[in-house]
Amino acid sequence: MKALRILFVARPYSVHTARWINQVADRGWDLHLFPASEDTPHPDYRNLTAYYTQPLPRGLLHESVRVRALWPLPVGAHKVRRLAARLPARWTDRAEWLARVIRRVKPDIVHALEFQAAGYLVARTWPLLGADRPPLVASNWGSDIYHYGPLPEHAEKIRALLAAADYYTAECHRDVGLAREYGFRGEAWPVLPAAGGFDIENMRQYREPGPTSRRRVVALKGYQHWAGRGLVGLRALELCADLLKSKGLTAVVHSIYNPEVPPAVEQAARRTGLRIETLAVESREEVLRLQGRARVSIGLSISDGLSTSALEALIMGAFPVQSDTSCLCELVRCGE
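Residues numbered from 1 in each chain as written. Predicted model: local features only at pLDDT ≥ 70, side-chain atom pairs only at ≥ 80, totals over all residues. Heavy atoms only, no water.

Asks: Explain the overall build of the protein to me, using residue names and the numbers behind them.
Replies: Secondary structure assignment for the protein yields 13 helices and 13 strands. Scaling as 2.2 N^0.38, a compact globule of 336 residues should have a C-alpha radius of gyration of about 20 Å, and the protein matches this with 22 Å. Counting only C-alpha atoms, the protein reaches 65 × 45 × 40 Å along its principal axes. Split into buried and exposed, the 336 residues of the protein put 48% on the buried side. When contacts within the protein are restricted to residue pairs at least 6 apart in sequence, those whose partners lie at least 24 apart make up 66%. Of the side chains in the protein, 44 bear a positive and 35 a negative charge, and the two mean positions are spaced by 4 Å. (Helix = DSSP H or I, 4+ residues; strand = E, 2+ residues; numbered from the N terminus. Rg over C-alpha atoms; globule rule 2.2 N^0.38 Å. Buried < 20%, exposed > 50% of the residue type's maximum accessible area, 1.4 Å probe, protein only. Contact = heavy atoms within 4.5 Å. Lys, Arg positive; Asp, Glu negative; His and termini not counted. Charge placed at Lys NZ, Arg CZ, Asp CG, Glu CD.)

Rendered as structure tokens:
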């Protein structure tokens, strides 16, 4: 029996991409990854073929991952880049290259993991393939349609992708309804977290034993960017600092990538006398350990899907506090 051949188009550096693909990496299927950008791939990939313009450094990926490069030699890549700049646009355009890979690989199915990078690229590629287009799955992650759909510069691209898609998968029922509003007419799969799922047995090793009521940590996700609102959460902690101190609670801010956040944490601690720490190591294991000793886990944003961090908090025994711009409300009731 012929092995199922899947071509994933995705952000190569995303841990969500790696987790999703690894769910099927041990089934004996023929897996391929076309990166939506030339960014460094996540190290967790297994048993697939990835397509890059030039070879990747040795030791960067697992030995089961094969890299097919446009320029296969480890030397001369800079000359190739200079030469490519002189070629007609259709030879260097990423959509044209994806079309060539699809014609060569002949996948049984193409799966676009996420809209704005991978999905839009696939939408540009699809008209180039004519009648030879394979079935297409479009995966909606987090804010892909909820946040970007109302923006005029994105709405047309979202409609083009959904018009091309045969199948659609999202994290919540809210986004299935939105896909229908934006013109999707194919088959919607059951809702599933963007990360695919969780290895609960493995996660239990990071969970502090005993009841949650004994825990004395409040975890705050420090994302402060186009969607994240970690500083709003920090201000909320300031407003209830006296109550937190009376309970002997310590706040720990994690997932900090904005340089504005650490100084704000220091100032909040100084103003209130509340003990507020930052998580120095940003590995997933360290964040899980934090969730596993937290009484409350806070994540705020102007837009989100099901929220992986909120699901991890539930698994690790922490009470989630999540802005209602996510669709966690499909799983929990406010205040209960």
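Still more ground to cover, so stick around.
Asks: Pulling in residues and values, what's your account of the side chain of Gln224?
Replies: Within the secondary structure, Gln224 is located in the loop between strand S9 (217–221) and helix H9 (230–239). One polar contact links the side chain of Gln224 to the main-chain amide nitrogen of Gly230, over a distance of 3.1 Å. Non-local contacts of Gln224, meaning those with residues more than four positions away in its chain, are made with Arg229, Gly230, Leu231, Asn258 and Val261. (Polar contact = N/O pair within 3.5 Å; in protein donor to acceptor, adjacent residues only side chain to side chain.)

Asks: Account for the nonpolar core, naming residues and giving values.
Replies: The biggest cluster of nonpolar side chains holds 39 residues, and the ones touching the most others in it are Phe34, Leu162 and Tyr168. Of all the secondary structure elements, the ones that give two or more residues to this core are strand S1 (5–10), helix H4 (94–105), strand S5 (109–113), helix H5 (115–125), strand S6 (136–139), helix H6 (152–164) and helix H7 (173–181). Looking at this core element by element, the count peaks at seven residues for H4. Apart from the residues lying within four places of it in its own chain, the contact partners of Phe34 are Leu7, Phe8, Val9, Ala10, Tyr51, Arg94, Trp97, Leu98, Val101 and Leu121. Core analysis: the next-biggest nonpolar cluster, separate from the first, contains 21 residues, Ile21, Tyr45, Leu61 and Trp141 among them. (Core = buried A, V, L, I, M, F, W, Y, C linked by side-chain atoms within 4.5 Å.)

Asks: Residues and numbers for the sheet that holds S1, please.
Replies: The eight strands lie next to each other as S4-S3-S2-S1-S5-S6-S7-S8, forming an open sheet whose pairing is parallel. Edge strands, defined here as strands with exactly one partner in the open sheet, are strand S4 (66–69) and strand S8 (187–188). Across two bridges, strand S7 (residues 167–169) lies against S8 in parallel orientation. Of the residues in S8, the one forming a bridge with Tyr168 is Ala188. (Pairing = 2+ DSSP bridges.)

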